[in-house]
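Secondary and tertiary structure notes
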2 protein chains.
Amino acid sequence: MSLKQLKPLKKTVSEYSVTGRLRISSILDSEDGGISYIGKKVTIAGWARTVRKQCSDTLLFISLNDGSTPKSLQCVVEKTSKGFDDGLKTSVGCSFRVTGTIVKSPADGQPVELLLNTNDDELKVYGYCDASKYPLSKKHHPREFLREIAHLRPRSQFFSSVLRIRNSLAIAIHEYFQRNGFLYIHTPIITAADCEGAGEMFRVTTLLPVDDDTTKLSTIPTTKLEGSNELIIDCKKDFFGKASFLTVSGQLALETVACSMSDVYTFGPTFRAENSHTSRHLAEFWMIEPEMAFSDLTDCMNLGEELLKYTVEYVLENNISDLEYLDKNIEKGLIERLKVICSNQFARISYTEAIEMLKPHDKEFTVPVTWGMDMGSEHERYLTDVIEKKPCIIYNYPKDIKSFYMKLNDDEKTVAAMDILVPKIGEVIGGSQREDDIIKLENAIKNKNMNPEPYWWYNDLRKYGSVPHSGFGLGFERLIMMITGVENVRDVIPFPRYPNHCDF
Amino acid sequence: MSLKQLKPLKKTVSEYSVTGRLRISSILDSEDGGISYIGKKVTIAGWARTVRKQCSDTLLFISLNDGSTPKSLQCVVEKTSKGFDDGLKTSVGCSFRVTGTIVKSPADGQPVELLLNTNDDELKVYGYCDASKYPLSKKHHPREFLREIAHLRPRSQFFSSVLRIRNSLAIAIHEYFQRNGFLYIHTPIITAADCEGAGEMFRVTTLLPVDDDTTKLSTIPTTKLEGSNELIIDCKKDFFGKASFLTVSGQLALETVACSMSDVYTFGPTFRAENSHTSRHLAEFWMIEPEMAFSDLTDCMNLGEELLKYTVEYVLENNISDLEYLDKNIEKGLIERLKVICSNQFARISYTEAIEMLKPHDKEFTVPVTWGMDMGSEHERYLTDVIEKKPCIIYNYPKDIKSFYMKLNDDEKTVAAMDILVPKIGEVIGGSQREDDIIKLENAIKNKNMNPEPYWWYNDLRKYGSVPHSGFGLGFERLIMMITGVENVRDVIPFPRYPNHCDF
């Protein structure tokens, strides 16, 4: 099965644009590394990663990158070419359009370079850059520093590789579902429901005006609490006539669509207002949630395993230059680890089996192993990294530690839930078969002490032609971390949102 | 150029699922309408659009739909087949798994049907449905009524067609950009910046607690206004340490990525807290925004025109059954109108020319035509529907009615902005070349009386290797309306959000 990227259009916009430029990837990422371009006149454009002048100022070396590939094209500019004098005033960060001839490179590590040595050749400076103020340089920058300049971060080799892989993964996910006959559905972002029956949510409101620092308390509409003089905020005056929130999951809404269109998925932003400062949590992140009618938990596990393998294979096929950079600079052995994910069947272990497997190793853990516990990452990591040494699917969890909507198993103690755990990363997928029996669903809502009222429409699905169905959530940033080896979630999203950080 | 959907996987999940079902589209949407399946034993699953019993109760006719196609497969169930007695208790809305043999249909309008007449054949009822309570029936339901039952709405033929086209359009857009070498970028949803320098935004906050009706005013953290005793809300105590909002556009953030990765796009939700009750506005909608480095306004117009034509052709190629349904039931002549969009060059008219063209028809308008005005939809519609009779691109607008980030033209009166207007629909795309001169940008911010402080990072792009670049915004729901002929934006999104409406 070929997972090659979609065929490029016959003529891309960049080629017929005012610049008429060829992407640098078209040259350097072609199968022969650009050899077939030798002798051809081409125009490229981009930003200088380095500019070097020969002492006598008769020769310029500009390493140009346009973001299409981690590789930069070396431009060798001779004094005879147009724009040479402007070029002398440039440095790292400047932007150029460059027209010259592709020639074989005498240097190591690059098969070709771009030579400017005639009056036909042209170096055009688009924008200068004061190197003394420019925060980026050739040297390696700590990732914490790069986060502070998120607007320039994609100019670093590290982050541009992450962004290209992020793009590939998003497309691989869409391709996988489309080729499988799933429909892409946009579930709502603003919601009055709460999927998990709890959770720390952001409130969305027009009760607090937009002007920043001077919102007077007295402008908030209030009403009196029944039987008291205490002022309470009047939610009926809010935009939606009631309190509304940012979604924590599209699942419940998605189930309504699955119960008529059969196979659907959503891929959108989700939010948690957790005051969490770990390297694994963001306040805003993207999630993929498929939902399949006419399926059980095994189908759900199959779907999850197949999807993960598809995305890994896709990136191995289409982003090998980026993976090589990350393998060298971020996680040694990354590519090998990815190949292991693709080439092995994931272990499938029931929760009860997992507890039995862990018990003999109890002394390894800070929290002792008992049936009924919510496994911590120390336990999960032991299963994946020490015992199985490959991804594991744990299924049939105790009902008390799982959500109300999960299907109760015949033992009446466990529910048909599953998590997919990956070595070094932990949980990337959590899913379940959904309770499709209206009596059992209503009982579960009652037993969890939830208010049944907001779920009338969700329950309707079990009254009008209920079907067995299942689905899961895949955290997109978690997936990117798994595939890039990047250890901090703030380094796999363009503009990370976390407590006290909402810049740019 | 073929715009056929991606090739299905060799074996899709639905086929190897516990149901082992074939999608109904695989049969009825195949080139011969299912003739090649005649004699084959197949399993399908879905919901009954109708159930008819023969008076003598020896024969059942179930019209089954699984959401994969607007067409339903007629199942003819004879008394000899397994599950027949359960089938007698069913009605519209029930869900089934059905195994039988595909046979030539004697009825008009369907080449094949599914026959159950042996003990091998099986009708399995997944879920019953009380027809007396079920809100949907065979009859045509008003679209206002369907909105009230958004959780069941995809079961209507109308809305399922809209959802399939919505899916196709989303995928067509990704395919177009990917084949053009653009990277998909997720710009932030929660933001402290305001793209348009104004706009009615939703506030995102944790200052108002999550519990609904009883939030006491006294729980909101306050501080005192300088030099006064007035209490103001203490934004520093909010989750992000300052006021934050839902994005109205990803453009500014996207420009930062374009100024290093060259060609990028975003496709995500955007929000307006406008108290607007029209058929064209939602509080939450999806937007596509490409941004191209090394491009000018002409490139931007080319990109917009090509993208629109690509999406229309894609739907004509892949959703013809749905379009035929809509052509018959929603907008007569829809398919013809779509073909006109693909086969004509869009008219390109400068704003100044447009004003000159409209002036002779001044008596047709409620607002008189003058240079400098912000054209209303009456003027735009006159250009597209009466004068040109095809899509029009209007460009070079007066600077005073446009945003600060648009590139000032040499005349110093107009900016390099463009709108794409479509007959019957109005504006679907608005874009511009961006100001890449730091002096002119800072002047524009000053002249619009904006606070320059929050834009330091945006301005940085003009200091460090500035490049000519351009981009636009395409309202996704507006595009769906254009392509389906549906007149109310609330009917092209699964769960519409507008004032006082945030249900499900």
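Each value, and the rule that gives it
Residues numbered from 1 in each chain as written. Chains lettered and ligands numbered in written order. Predicted model: local features only at pLDDT ≥ 70, side-chain atom pairs only at ≥ 80, totals over all residues. Heavy atoms only, no water. Helix = DSSP H or I, 4+ residues; strand = E, 2+ residues; numbered from the N terminus. Contact = heavy atoms within 4.5 Å. Areas by Shrake-Rupley, 256 points an atom, 1.4 Å probe, with all protein chains shown as cover. Lys, Arg positive; Asp, Glu negative; His and termini not counted. Charge placed at Lys NZ, Arg CZ, Asp CG, Glu CD. Least-squares fit on C-alpha atoms with pLDDT ≥ 70 in both. Salt bridge = Lys/Arg side-chain N within 4 Å of Asp/Glu carboxyl O. Buried < 20%, exposed > 50% of the residue type's maximum accessible area, 1.4 Å probe, protein only. Axes fitted to C-alpha atoms, helices over the stretch in contact; angles between N-to-C directions. Parallel < 35°, antiparallel > 145°, perpendicular 65-115°, else oblique. Left-handed = near helix turned anticlockwise from the far one by under 90°. Nonpolar A, V, L, I, M, F, W, Y, C, P; charged D, E, K, R; others polar. Disulfide = S-S within 2.5 Å. Pairing = 2+ DSSP bridges. Polar contact = N/O pair within 3.5 Å; in protein donor to acceptor, adjacent residues only side chain to side chain. Phe/Tyr/Trp six-rings, centres within 6.5 Å; stacked < 30°, edge-to-face > 60°. Buried area = accessible area lost by both parts, 1.4 Å probe. pLDDT = per-residue confidence, 0-100.

**A look at the overall build of chain A**
- The helix and strand tally for chain A stands at 14 helices and 19 strands.
- With respect to the three principal axes, the spread of C-alpha positions in chain A is 85 × 60 × 50 Å.
- Counting contacts in chain A only where the partners sit at least 6 residues apart, residues at least 24 apart contribute 67% of the total.
- By element, 49% of the accessible surface of chain A is carried by carbon and sulfur atoms, the whole surface being about 19,100 Å².
- One way to put it: in chain A the 61 positive side-chain charges average out to a point 6 Å from where the 70 negative ones average out.

**Observations regarding the relation of the copies chain A and chain B**
- With an axial shift of 0.0 Å and an RMSD of 0.0 Å, the rotation relating chain A to chain B amounts to 180 degrees. Read as a symmetry element, the transformation amounts to a two-fold axis. The C-alpha atom lying nearest the rotation axis in chain A is that of Val204(A); the distance is 2.4 Å.
- Comparing interface residues between copies, 100% of those in chain A also lie at the interface in chain B; the contact surface is shared.

**Thoughts on the pattern of salt bridges**
- Taken as a whole and assessed by the stated rule, the structure comprises 52 salt bridges over all chains.
- A salt bridge links Asp322(B) to Arg164(B); the shortest N-O distance between them is 2.9 Å. Highlighted residues: Asp322(B) in helix H8 (residues 320-329) and Arg164(B) in helix H5 (residues 157-179), separated in sequence by 158 residues. For the pair Asp322(B) and Arg164(B), one class covers both residues: buried.
- The network of salt bridges with shared partners includes Arg21(A), Arg23(A), Asp66(A) and Asp263(B).

**As for the packing of helix H5 (residues 157-179) of chain A against helix H14 (residues 476-484) of chain A**
Residues and elements named next belong to chain A.
- It is the contact of H5 with H14, at a shortest axis distance of 10 Å, that shows an interaxial angle of 120 degrees. Between H5 and H14, the angle falls in the class oblique. Crossing handedness for the pair H5 and H14: right-handed. Residues Ile165, Arg166, Leu169, Ala170 and Ile173 of H5 form the contact with H14, whose participating residues are Phe476, Glu477, Leu479, Ile480, Ile483 and Thr484.
- Considering only residue class, the contact of H5 with H14 consists of eight nonpolar, one polar and two charged.

**Focus: the state of the cysteines**
- This model, assessed by the stated rule, comprises zero disulfides over all chains.
- Just so you know, Cys129(A) is unpaired, no disulfide at all, and the nearest cysteine sulfur is the one on Cys94(A), 5.4 Å from it.
- For Cys129(A), a relative accessible area of 8% puts it in the buried group.
- With no disulfide of its own, Cys392(B) lies closest to Cys342(B) among cysteine sulfurs, the gap being 16 Å.
- Here Cys392(B) falls in the buried class, since its relative accessible area comes to 0%.

**Observations regarding helix H6 (residues 251-261) of chain B**
All names here are of chain B.
- Of all eleven residues that make up H6, eleven are buried, and the element is covered over most of its length.
- Those residues of H6 that sit buried are Gln251, Leu252, Ala253, Leu254, Glu255, Thr256, Val257, Ala258, Cys259, Ser260 and Met261.
- One or two residues past the end of H6 sits Ser262, with phi positive at roughly 75 degrees.

**Regarding the sheet that holds strand E17 (residues 414-422) of chain B**
Residue and element names in this part refer to chain B.
- Read across the sheet, eight strands follow the order E7-E13-E14-E19-E18-E17-E16-E15 without closing on themselves; strand pairing throughout is mixed. Both outer strands of the open sheet, strand E7 (183-184) and strand E15 (347-350), are each paired with one neighbouring strand and no more.
- Sitting on the sheet, helix H11 (residues 377-388) is in contact with E15, strand E16 (392-398), E17 and strand E18 (426-433), with an inclination near 140 degrees to E16.

**Topic: the environment of Thr484(B)**
Residues and elements named next belong to chain B.
- Summarising the element assignment, Thr484 is placed in helix H14 (residues 476-484).
- According to the relative accessible area criterion, Thr484 is buried, its value standing at 0%.
- As a C-alpha pair, Thr484 and Gly227 span 257 residues in sequence and 58 Å in three-dimensional space.
- Non-local contacts of Thr484, meaning those with residues more than four positions away in its chain, are made with Ile165, Leu326, Ile330, Leu334 and Val492.
- Of the polar contacts made by the side chain of Thr484, one reaches the backbone nitrogen of Val486; its length is 3.2 Å.

**So, the sheet that holds strand E12 (residues 244-246) of chain A**
- Spatial ordering of the open sheet is given by E8(A)-E12(A)-E9(A)-E9(B)-E12(B)-E8(B), a layout of six strands whose pairing is antiparallel. At either margin of the open sheet sits one strand with a lone partner, and together these are strand E8 (190-191) of chain A together with strand E8 (190-191) of chain B.
- Where strand E9 (residues 203-205) of chain A lies against strand E9 (residues 203-205) of chain B, three bridges are found, and the strand directions are antiparallel. In the strand pairing of E9(B), Thr205(A) is matched with Arg203(B).

**Considerations on the environment of Trp457(B)**
- Structurally, Trp457(B) is set in helix H13 (residues 456-463).
- Under the relative-accessibility criterion, Trp457(B) is labelled buried at 4%.
- Sequence separation between Trp457(B) and Ala253(B) is 204 residues, and the spatial gap between their C-alpha atoms is 9.4 Å.
- Residue contacts for Trp457(B): discarding those within four places in its chain leaves His151(A), Phe504(A), Ala193(B), Leu252(B), Ala253(B) and Thr256(B).
- Engagement of the side chain of Trp457(B) in a polar contact is seen with the backbone oxygen of Pro454(B), the distance being 3.1 Å.

**Points about the packing of aromatic side chains**
Residues and elements named next belong to chain B.
- The tally for this structure, following the rule as stated, stands at 48 aromatic pairs over all chains.
- Pairing Phe177 with Tyr265 gives two aromatic rings, centres 4.5 Å apart and planes at 20 degrees, and the pair type is stacked. Of this pair, Phe177 sits in helix H5 while Tyr265 sits in strand E13 (residues 263-271); the two residues are 88 residues apart in sequence, bridging distant segments of the chain.
- Residue classification places Tyr265 among the buried positions, given a relative accessible area of 0%.
- Each ring, one from Phe365 and one from Tyr382, has its centre 5.2 Å from the other, and the planes form 85 degrees; the classification is edge-to-face. Placement of the pair is Phe365 in the loop between helix H10 (351-358) and H11 and Tyr382 in helix H11, with a sequence separation of 17 residues.
- Residue classification places Tyr382 among the buried residues on the basis of a relative accessible area of 12%.

**Description of the interface of chain A and chain B**
- Every contact between the two is made by 146 residues of chain A and, on the other side, 146 residues of chain B.
- Taking both partners together, chain A and chain B bury about 12,100 Å²; carbon and sulfur atoms supply 66% of that area.
- The largest per-residue losses of area from chain A upon contact with chain B belong to His186(A), Phe294(A) and Tyr464(A), which jointly make up 7% of the total buried on that side.
- Here chain A and chain B share six salt bridges between them.
- The shortest N-O distance in the salt bridge between Asp263(A) and Arg21(B) comes to 2.9 Å.
- Ranked by residue count, the leading element in the side of chain A that touches chain B is H5(A), at twelve residues.
- Looking at the side of chain A that touches chain B residue by residue, the class counts come to 78 nonpolar, 38 polar and 30 charged.

**Structural notes on the pairing of strand E16 (residues 392-398) of chain A**
Residues and elements named next belong to chain A.
- Buried residues dominate E16, accounting for six of its seven residues.
- Here four bridges tie strand E15 (residues 347-350) to E16, and the two strands are oriented parallel to one another. Residue Arg348 lies in a different strand from E16, and its bridge partner there is Ile393.
- Both E16 and strand E17 (residues 414-422) contribute to a ladder of six bridges, which runs antiparallel. Bridge pairing in E17 links Cys392 to Leu421.

**Some details on the confidence of the model for chain A**
- Of all residues in chain A, 97% have pLDDT values of 70 or greater, and the mean over the chain is 93.
- Note on the complex model: pTM 0.96, ipTM 0.96.

**As for the side chain of Thr311(B)**
- Here Thr311(B) is to be found in helix H7 (residues 297-318).
- With residues near it in sequence (within four places) discarded, Thr311(B) still touches Leu169(B), Ala172(B), Ile173(B), Leu479(B) and Ile483(B).

**Description of H13(B)**
Residues and elements named next belong to chain B.
- Within H13, six of the eight residues are buried, leaving the element largely enclosed by the surrounding structure.
- Taken residue by residue, H13 has Trp457, Tyr458, Asn459, Asp460, Leu461 and Arg462 as its buried positions.
- On its buried side, H13 packs onto H6, helix H12 (438-447) and strand E19 (469-475).
- Looking one or two places after H13, you find Gly465, whose phi comes out positive at around 75 degrees.

**Description of the packing of H7(B) against H14(B)**
Residue and element names in this part refer to chain B.
- Closest axis-to-axis distance for the H7/H14 pair is 11 Å, and the angle between their directions is 50 degrees. With respect to each other, H7 and H14 are oriented oblique. The handedness of the crossing between H7 and H14 comes out as right-handed. Note on element contacts: H14 touches H7 through Leu479, Met482 and Ile483, opposite Leu308, Thr311, Val312 and Val315.
- Along the lines of polarity and charge, the residues of the contact of H7 with H14 split into six nonpolar, one polar and no charged.

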